[in-house]
Every structure is written in structure tokens, then in C-alpha cells.
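Take a look at the letters that make up each chain.
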Amino acid sequence: MSKLVIIGNGIAGVTVARHVRKRSDIEIMIISAETEHFFSRTALMYIFMGHMTYEHTKPYEDCFWQKNRIDLKQDYVDEINTETKVLTLASGEKIDYSQLVMATGSQSNKFGWPGQDLPGVQTLFNYQDLLLMEENSKHAKHAVIVGGGLIGVEMAEMLISRGIEVTFLVREERFWGNILPDDEAKLVQQHAEIHGVHFKFSTELNTITAGNNGRVNAITTSTGEELACDFVGLSVGVHPSITLAAKSNMAVGRGILVNDFLETNIADVYAVGDCAEIEVVEGRNRIEPLWYTGKMQGETLARTITGDKTKYDRGIWFNSAKFFDVEYQTYGFVANEPIDGIDSFYWQHPKENICVRITYQTDTQVVTGVNTFGIRMRHNIWQHWLSHHCTLKYVLQNLRTANFDPELFRHYEKNIITAFNKQYPSNKLTLSPLQWLTKRFTKEQTNAQ
Amino acid sequence: MHNNNTAWIAPVRKSGVTFFTLGFLVFIGMLFSNQYKLTEQTLKPAINNSTHLQLIQPHLNGLMNETVTNKISFINDIRHTFSRYNDTVYQRYHISTTNIDALLTQVNTMGYYDLAMLTTTFNSQDDYSTYKIKKLTDYTSWLAGQQGKTLAEISEVINEKSSEINAHVLAEKSIDNYAVGQYIYALVKSSSSGVVSKHTALFFIFSVLLATIGALMYIIPEKFSAPAGIKNDNIFKNSATNGGLICMLAMTFLVLVYIALYFFPEYIIEWVSLVDPLFKALNGQGASPWSIYGFIYTLAIIVMGIRMFIKYRHSNYHIVRTGSIIFFQSCFAFLLPEILIKLNQPSTDLKNMWPLDYDFFDAWNLDSLSSSGDIGMFMLVWGITLFVIGVPLFTYLFGKRWYCSWVCGCGGLAETAGDPYRHLSNKSVNAWRIERVVIHSVLVLCIIMTGAALYTYFTGIKTILGIDTYSLRSAYGFFIGALFSGIVGTGFYPKLGNRVWCRFGCPLAAYIGLIQRYKSRFRITTNGSQCISCGNCSTYCEMGIDVRAYAQRGEDIVRASCVGCGVCSSVCPRGVLKLENGSTTAVIDHNMKDETMNIVQILSVEEQKSMMG
Ligand SMILES: Cc1cc2nc3c(=O)[nH]c(=O)nc-3n(C[C@H](O)[C@H](O)[C@H](O)COP(=O)(O)OP(=O)(O)OC[C@H]3O[C@@H](n4cnc5c(N)ncnc54)[C@H](O)[C@@H]3O)c2cc1C
Ligand code: SF4
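As recorded by an unreviewed UniProt entry, chain B carries the name 4Fe-4S ferredoxin iron-sulfur binding domain-containing protein and is attributed to Colwellia psychrerythraea.

The name an unreviewed UniProt entry assigns to chain A is Rubredoxin--NAD(+) reductase, from the organism Colwellia psychrerythraea. What UniProt states about chain A under its Sequence similarities (unreviewed entry) heading is, verbatim, "Belongs to the FAD-dependent oxidoreductase family."

Further remarks concern the environment of Glu 413 of chain A. All names here are of chain A. Within the secondary structure layout, Glu 413 lies in helix α12 (residues 413-423). Of the residues examined, Glu 413 reaches a relative accessible area of 4% and is grouped as buried. Once the C-alpha coordinates of Glu 413 and Val 238 are considered, the two residues, 175 residues apart in sequence, prove to be 38 Å apart. Ignoring any residue separated from it by four or fewer positions in sequence, one finds Glu 413 in contact with Leu 399, Arg 400, Asn 403 and Leu 431.

With that out of the way, let us pick up the side chain of Ser 137 of chain A. All names here are of chain A. Within the element layout of this structure, Ser 137 appears in the loop between α4 (127-136) and β10 (142-146). Here the side chain of Ser 137 touches Met 133 through a polar contact of 2.8 Å, landing on its backbone oxygen. With residues up to four places along the chain from it excluded, the contact list for Ser 137 reads Phe 48, Leu 159, Arg 162, Ile 164 and Phe 231.

It is worth spelling out the site of ligand 2 at this point. Residues and elements named next belong to chain B. Around ligand 2 sit 13 residues, and of these Cys 531, Cys 534, Gly 535, Cys 537 and Cys 572 come closest. Residue assignment for the shell around ligand 2 shows that the elements contributing at least two residues are α26 (536-539) and α27 (547-551). Split by residue class, the shell around ligand 2 holds nine nonpolar, three polar and one charged.

Bringing the packing of aromatic side chains into the picture now. If you walk through the whole model with that rule in mind, you get 59 aromatic pairs over all chains. Taken together, a centroid distance of 4.8 Å and an interplanar angle of 45 degrees make the contact between Tyr 54 of chain A and Tyr 127 of chain A tilted. Of this pair, Tyr 54 of chain A sits in the loop between α2 (44-48) and α3 (63-67) while Tyr 127 of chain A sits in helix α4, and the two are 73 residues apart along the sequence. Each member of the pair Tyr 54 of chain A and Tyr 127 of chain A is classed as buried. On the basis of an interplanar angle of 75 degrees and a centroid distance of 5.6 Å, the ring pair of Tyr 60 of chain A and Trp 65 of chain A is categorised as edge-to-face. Each member of the aromatic cluster is reached from another via a ring pair, and the members are Phe 168, Phe 175, Trp 176, Phe 199, Phe 201, Phe 323, Tyr 328 and Phe 373 of chain A. For the cation-ring pair, Lys 309 of chain A lies above Phe 261 of chain A, with the distance from its terminal atom to the ring centre recorded as 4.6 Å. Here the guanidinium or amino end of Arg 517 of chain B rests over the ring plane of Tyr 518 of chain B, the centre of that ring lying 4.9 Å away.

As a matter of local geometry, ligand 1 sits amid 31 residues, with Glu 34, Val 77, Asp 274 and Trp 291 of chain A together with Arg 574 of chain B nearest to it. Each of chains A and B places residues next to ligand 1. One nitrogen or oxygen atom from the side chain of Glu 34 of chain A is found 2.7 Å from an oxygen atom belonging to ligand 1. Considering ligand 1 on its own, with 1,000 Å² of exposed area, one finds that the protein chains cover 93% of that surface.

Right, let's get into the nonpolar core. Counting residues in hydrophobic clusters, the biggest one holds 130 residues, and the most contacted among them are Ile 80, Leu 87, Met 102, Phe 175, Trp 382 and Leu 396 of chain A. Those residues within four positions of Leu 396 of chain A in sequence are excluded, and the remaining contacts are Phe 345, Ile 358, Ile 416, Ile 417, Phe 420, Leu 429 and Leu 431 of chain A. Counting 68 residues, the second largest nonpolar core, distinct from the first, contains Phe 360, Ala 510, Val 567 and Val 571 of chain B.

What follows is about the side chain of Thr 121 of chain B. Residues and elements named next belong to chain B. Topologically, Thr 121 is positioned in helix α6 (residues 116-121). For Thr 121, a relative accessible area of 17% puts it in the buried group. A polar atom in the side chain of Thr 121 sits 3.0 Å from the side chain of Gln 106. When sequence neighbours within four positions are dropped, the list of residues in contact with Thr 121 reads Asn 99, Ala 102, Leu 103 and Gln 106.

Rules used in this analysis
- Residues numbered from 1 in each chain as written.
- Chains lettered and ligands numbered in written order.
- Predicted model: local features only at pLDDT ≥ 70, side-chain atom pairs only at ≥ 80, totals over all residues.
- Heavy atoms only, no water.
- UniProt positions renumbered as here; feature names shortened; annotations may be inferred.
- Helix = DSSP H or I, 4+ residues; strand = E, 2+ residues; numbered from the N terminus.
- Buried < 20%, exposed > 50% of the residue type's maximum accessible area, 1.4 Å probe, protein only.
- Contact = heavy atoms within 4.5 Å.
- Polar contact = N/O pair within 3.5 Å; in protein donor to acceptor, adjacent residues only side chain to side chain.
- Near = heavy atom within 4 Å.
- Nonpolar A, V, L, I, M, F, W, Y, C, P; charged D, E, K, R; others polar.
- Phe/Tyr/Trp six-rings, centres within 6.5 Å; stacked < 30°, edge-to-face > 60°.
- Lys NZ or Arg CZ within 6 Å of the ring centre and 35° of its normal.
- Areas by Shrake-Rupley, 256 points an atom, 1.4 Å probe, with all protein chains shown as cover.
- Core = buried A, V, L, I, M, F, W, Y, C linked by side-chain atoms within 4.5 Å.

So, in C-alpha cells, the structure goes:
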């Protein structure tokens, strides 16, 4: 009987296992080193802040795995012999497979700074990091976070919840500058500052130094400043875990190289999730280190493994995050800097942390993407608008249908339209009435241009 | 902290805790402040049944006119007096073989039976002899006189009649448990005096008011401490909210209070006097143990409702529904019934309904409503219309939430005072299984019990299939009404979460839930594939629904138990969940779930072949 072995019990590996199980009866085993059961990495911060315990972050009850005949093994895979199709575990045990899925995820980046391995200096990616952070933050009073991305801002929020002062070193001249346009970055920055974060923009880490007790006591920056601190959080991105793959004849680049079917160069070996690098004909290969993409890749691969060969196509891009109290969603593509041929319409609430940016092609007026802060939008509506090339006017007039805020929340579509009409006086847009009685998807929307 | 303007917050909150604790201690402490003195004057009004008064009075002699400061021993003495009295009732009142022998000796001497013999046989002046003489006279007067009966015949009749009389002694002469409970409470109340009733206002200020002010001093500054948003930091690290030590203490306190309320109200007599003037003003009669309960209950909803206003100040949904709960509790559940009493009308909570209000169809209620003219009739019709038409209609339009988290008093307490415990509900599949069996059983039980009571009401027949309908009703009242809804349902908030009763026990919730599950526009919509499976939604679901299980596979949530509190939607860091009364059908197709396939292209066989070259 054929046996599917999956290395890594993160969202990607687990999704493969679950969907294969739905479609097939083959033996399934997941081998993973970090934790016995699948848990939600994205919820690490909530464990630290006491919103939840580790148990709450497990998306499935422990009995789920046995019930679905998915064998779990907590161990580290040391070697893969792709010729004989045998894995060697750290415990010495040997496991054979007929199909193998690499879902080994990512590891945090460290760029070789002096002192980066001192006690009190850490990254945040896995469960062990969380335990370490619990330890490191016990007596900490002042922390420095390096790298202005999502994990960094989560670390800041975690530390602030314990009353620790946070200074945030950001290489770019604004927060998350490689993703967010100026206005949005300002909004997030100001909100984070209200929560007590001190930003230092255009500033990089130089060295980390230790005190008499051997623990970190200060850092120096590229601007020549020295900052005293007893905690340093490094959040300068992640890279795929490829050590195992590389020594097992798999073709690797930055990640494990796969084609559109998530197949590696070796027969019956696949890679999904953070660790996979999808080769493209033109441009830079894609690595998608996200929860959502790991899930979608896993679903796709499960089809291929069970005989229904399916190409991975991410479709319309989307992502979301939360910066302290401000929620962010994006659909489609919104560039961080202006690009030729693409215009953007931006509206921001005068007082609250609410804003919307819609980008569109200058000539056709077809909408290409949206950033929204403080207003929740409906995923399927935006996906529909973007994939059907709806125009800016159409989208603005129907913005209400995309609103996903809880009931009784104040709506801003009117303000948005008014602002648009003011900015472009030749337009006299009005809000379309909500079509409560008709389905949300009508022919009219489909063909709207 | 980062902002100097917030320096005042910590000390104010700290003093708030101190005030609250002090107020709470005074509140508890006053329970030991009264003294008790049983006198002729206190006895009479307490035992309003003159026979019972006569019966028990001699036994209380030892306690009369003595001032007791120990409440427990005073109550125990009275309780013992009643139970000792009941234990010895038979001993005292039954016609013993010695009595019969003495009587028969006279009969033998005289050769016939005569009523005058009774007075010589039972020659003492007490109630027992009088009772025996009266009974024997009633039962045997036909035998008296010289009728030529043989001695053997007379002896046989007397023995026979004596055992007949003895069979009724207990029923006639003992005081039943219900009455004993009432008398003990009334006796303790009438014979107690103390500082609380003398200085009610003072005590009120230093207990209830002080604790309330303390609580508000703790709650309100929260508003200024940080921007609006989800505030769940340290919930699982604080023993007051994570089921730890402070939770256990709170639970013990609540359970004790409920036991006292339901079974031993005499122990909280000082609390009753604390609100007596208030209730005199409201209803013209004064307070009962349930008055102080209703008062604290309403106060808890208001104070903790204010906490909800502040905690969820960024969410109009929570602000409005909390406002609604406060309104219905304070006006409909608290004020209106008292005013109705004052107006000499049947007192009722117009927003409560059968089957939660399980005594709605009790004979006394039906009688009282149907004999109270138009207003009674209105209440009867209203009460029936509400659950026959109101529930299906509103539930179809808005889901279960229209009642359970916007109107209901039990839900109201859970949503406000119970909010700090919402995450303690059990989310396992097993808990869900138990929930479905238990809650629907309670509904069935309630229907059977009510049906039986109505059958008796209309036919006058007291038993069905050999089961006494009244005993069904009282069993339901004891196990479901008192033990389940009160002691477990609310007492166990700090351990099992704030919706134990609503989730496992409430028959009305079961009924509304069935409609919500099968015929309602309400659902929680899941936003595409945005879920990151973090688990906040499931953790903070007070009904123990594993929301994430649905959200992470893109399925809308249509569950019988969902009360629509909206907290899952609030705590979700990715904006995945929205409560809606949808115009389209919810996505609960079990073949569709788990798929984000609209995003993934599926190749045809030809395409596959060409790709593989
Ligand atoms: C703090 C934090 C917050 C995040 N928030 C978001 C978010 O909001 N939205 C979002 O889209 N993404 C978020 N991400 C990213 C997201 O969590 C990852 O993209 C996702 O978890 C990757 O899943 P995966 O299954 O590919 O790999 P992983 O989850 O990394 O799982 C890989 C597993 O394989 C194990 N493993 C590796 N090598 C071996 C071996 N040789 N033998 C045995 N086991 C091995 C590892 O121990 C690990 O447990 C966040 C990440 C972090 C750290
Ligand atoms: S809270 Fe939101 S993101 Fe987290 S599991 Fe629930 S639905 Fe998913």
C-alpha cells in the first residue's frame, strides 16, 4: 500500500494531509520536530499576551488525527534517501515512503551581526522562540526591535503588553515601507506611537553588546547611536528551511525549487508552503511565506497526489494583518510607490484610524487593488471585482456591498464618494442602493466595466 | 507608562479595588450583625396559621425571651424545634396500646363502653388528650351506651378505630416542610433586630454603594488607559479570570449565596432589611430574599454593563445590545413587577416567557391572571403569543440573539457580569454532544411537566399514569429551576463559563435554537479565505462553539446554540466573521466546505497530458 509522508506539521503540511485523507485512503504520516500537534503559528503573540493558552491555538482536537488516520510523529528528519525512498530520523528510526511532501517551513533571518546570539537577543518564529521570549522578557525593561515588518510589530505589541518599552529600528524611511504607501505607513506609525512604540526610521542595527552578566545590554545603530536595552528582537524576515532538502539531492534556490504543480526535481517528492520556491518563466521565482498561501498550496497538492493533477494558481492576491488595534486588509496589488499607468484614490478619516486606497489603471479606470485600514471588506466581492476588471466608478458606487464591518458600525461609503467627487468634480457619483433582496452577485456586476 | 496623563489611572483603579473589597466585606460582615429575641409579639405574626401556632408554641418556650447573638445557633434551635416537634408528633398524639388497655380495663369493669371513660382515661389537660378524646368521640360515639355488645366486640372496634385515627395523626398534626421553611424565615425575620435595620441608609452606603463606586473606579479609567480595541491581555494569566484561585473563591461565594436563596433564606435576613425601605417605596410591601437578589442582579448588570460599554467602546454592536439588556433588566424584570404589586395587579416580567418561565402555566398563576380582569387577561394572552408567534417570527428575522443576548435576564447577566468568564466554556466536540442531549431533554421534560399540570388544571385529575402531576412540577422546580439554573448555571460562571445554563439547560434556548438552526436568516458569515486559524473566536465563544472549525474552511456558521453576542467577530484579528441576517442562503454545504478552489485552476486531462509532455 502506498504511504504518504509529510515533513512538517505546519499549515501547509497539515492541509495536504487533511485533503488527501478526504480524497483517498492511503496511509498518511506527518513527521515534525517543533510540537507534537499542529498549532497556529500566527497565534503565538496571543499566547504570550495571555489571550489564549497554547491549547487554544490547536485548530484540531488531539483526537482528530487518530480519527482521521493521520499518524503523527514528533521527531526530526535527518536524512532522505530519495533512491530507496527512506527517511532517517534523529532518533535513528527509519521510515519508508512512496510519496514525500516537504513542508519544512521557514526560519528567521539573522544577518551576522556581532552579538546576535547573545542571551536576550532572539527572533520569533516557532514555539521554542515563544518560550524563550517568555524567559527573556521576565526582567526586561527596554527592548529594541529590529526590522519593520509584521512579526516585528507583533513582537512590539507583545512586549508592550508587559509594560516593556519598545524602540523600533526600521531600515526604510517609513514603517513597512516596502509594502505600504506613505499615508498608510504614517497611519500605522502614529497608532503604534500612541501605544508607546518609539520608531527610529532609516536606521539599521550595527552591533549588539553584552553587559557583565553576559546578557545583552546595548546596541549600536548605523546612525552611530547607542541604545541601552535588555532585550533585542530580530525580525528581519524569514527564509525557507532547505538544509534537509539541499543535502538530499533536491534542487534548491532560495527555497526548494518546484514547478506549478509543486513537484520538485525528484519524482514523488513535492514541496509546499513557506519552504517552496515556485519557478516562473519570467521574473523572480515566487516564495510565498504566508498562512493563506500555505493552505492553498496544500489543497492544490492534495489533488495532484490523489491523481487529479492540479496546477497551483494563487489567483487574486490578498493579505491581512492587525497593527495593535487597527485591522488591515489588501486585495489585488497596491504598490508602495507610485507607478506609471496606475493611479490611486485615497481617503482617510479625519480623526479615526480608517482609510481606503483604491488603485486603478489610468487609461481604462480598471481597478487593480485596494488597501483598507479600519474597514473590513468582503473577500469574495473584491475578488470578483478584481477578476472581472470592474472600473473605479463601479466599485465606488457599489462599495457598500463590499463592507464587512459588524452590524451597527458607522459606514463611510458616503464620505468616500463625496471625497471622490470633490477631488474629481467632473464626476457626480452616487451610492447605489443596497440590493437586499437580490443576490449579491448579479449579471450586472459580472459585466460591469 | 508612555503617557504621563495616564499616571492617575493606576492609583484610582487600585483604590477602586480597595473600596470594592471593603464594601464587599461590609456586605458579608453584616450577615453576622443581628441579634434575635423570640417573644410573644414576634411569634404571632410569623406563624400565621393559628393551629400551627398553637401546636408549635409550647415547644418554643425554651427559646422565648432570650436574646441570642449567634444566628446559626438561633436558626438551628428553631429548626430543631420544628423537626423535634414533627418527630414526636406521632408519639404524642397517637392512641397507644397503653391508652387502649386503660380504656378497656374500664370497659371490662363496667361491661359496656361509655364516652365518659375517655375523660378518665386521658385525664390530663393538654392538647394531646383533647385531640385523642375528640377523635375517639368522633369515631366511636355510636358504640357508647349499653347496647348489648360483647366485650370482645367492643375491644375489637376500639382497636380498629384507634389504628384508623393513628393513621391520620401525622397528616393532621405535623407541619409540612414547606410551611416549616416559611415559618423559620418569618420567625427569624420578626425576632431579629440589629444595626442594619436601624441604620439602613448607612449600611447601604458602606456596602452596596461603596462596592459599586469601587467597581466603577476600577472600570471607568480603563477608557483612558489605552486606545479602544480588544482588551484581552492576561486573561489567561490572571487567577480572577483563568479559572484559578480567585475564580474558585468567587464560585464558592456564588454557590453559597444561591443555596441560601433557594433553601435557607433566613441566613441572609440582614440583606433583606438592607433593601426593605427601597422595596417598600417601590411595591408598598417591603423586601423578600428575592428582592435583594433581584436588586443585586440588576445592579450587577448595570455596573458590568458599563464595563461592557467601555471594554467594547469601539463596537456599536456591543454598545447597543448592552444598552438593550440593561433596559430590559432594569425596567421589565426589576421595576415593572414591583410597580404592578403596588397597583395590586398580578406581578409579572413581561419579557420572560414559557418554557423558561416554567411556572407560567401553574394553576396559581393561571387563576391569578384569569381573575385579574383585563390586565390579567392581557398578560395571559401576551405570554402565550410571545412564545407561539413572537419567538418563531423574531428568530426567523434576527436569529436567537433577539432574545438571548438582547432581552433575556439570564442572558443579560451572562453578557455583562459573566463576560470576564466567557472564555472558560468548553469547546470540545464531547461538550457539544452533551449539550445537545441535555438541553433538549430539559425542553422535553418541561413540555411534559407543563402538559401534565395543564391536564390537572382543566380536568381536576391529579395523576397521569400513576404519576402525581404536582410532584413532576416540584421535581422540575427543584432540579431544573433551582439546582441547574441557579446554583450550577450562575454559581459556576467562574469555572464553566458564563453560559452554562443557557447552553446546557434553558428550555427556551433549546426551542429558539431549533428555529435558528432550521429556519432563520441569521448566520455568521465567514470572509473568504482570510482565517489564520488563530483560535481567538473559538476561545471567546461563551457558548463553546468551535467557530474556527467553520471559519478556517470558509463555511458560514449556523448553530442552534449561537446567541449572537458578536464577540467572535470582535476578537477576530483578521475581520473574518460577520453576524448577519442574510438575504442569501448561508454557505453550509458540506461538500463545498474546506475548499478555496475558486482560487485554484483545475486542468483538463488534455492539458495535463500536454504539460507532462
Ligand atoms: C509570529 C508570526 C505571525 C504570522 N502571522 C501571519 C499572518 O498573520 N498571516 C499570514 O498569512 N502568515 C503569517 N505568518 C506566516 C505563517 O505563519 C507561515 O507562512 C506559515 O506558518 C508557514 O507554514 P508552513 O506549513 O509552510 O511551515 P511551518 O509552519 O514553518 O511548519 C514547518 C514545520 O516543519 C518542521 N520541520 C522543519 N524541518 C524539519 C525536519 N527536518 N524534520 C522535522 N520537522 C521539520 C518545523 O519544525 C515546523 O514545525 C506568521 C508567522 C509568524 C512566525
Ligand atoms: S478569530 Fe478570526 S482568524 Fe482567528 S480562527 Fe477565528 S475566524 Fe480565524
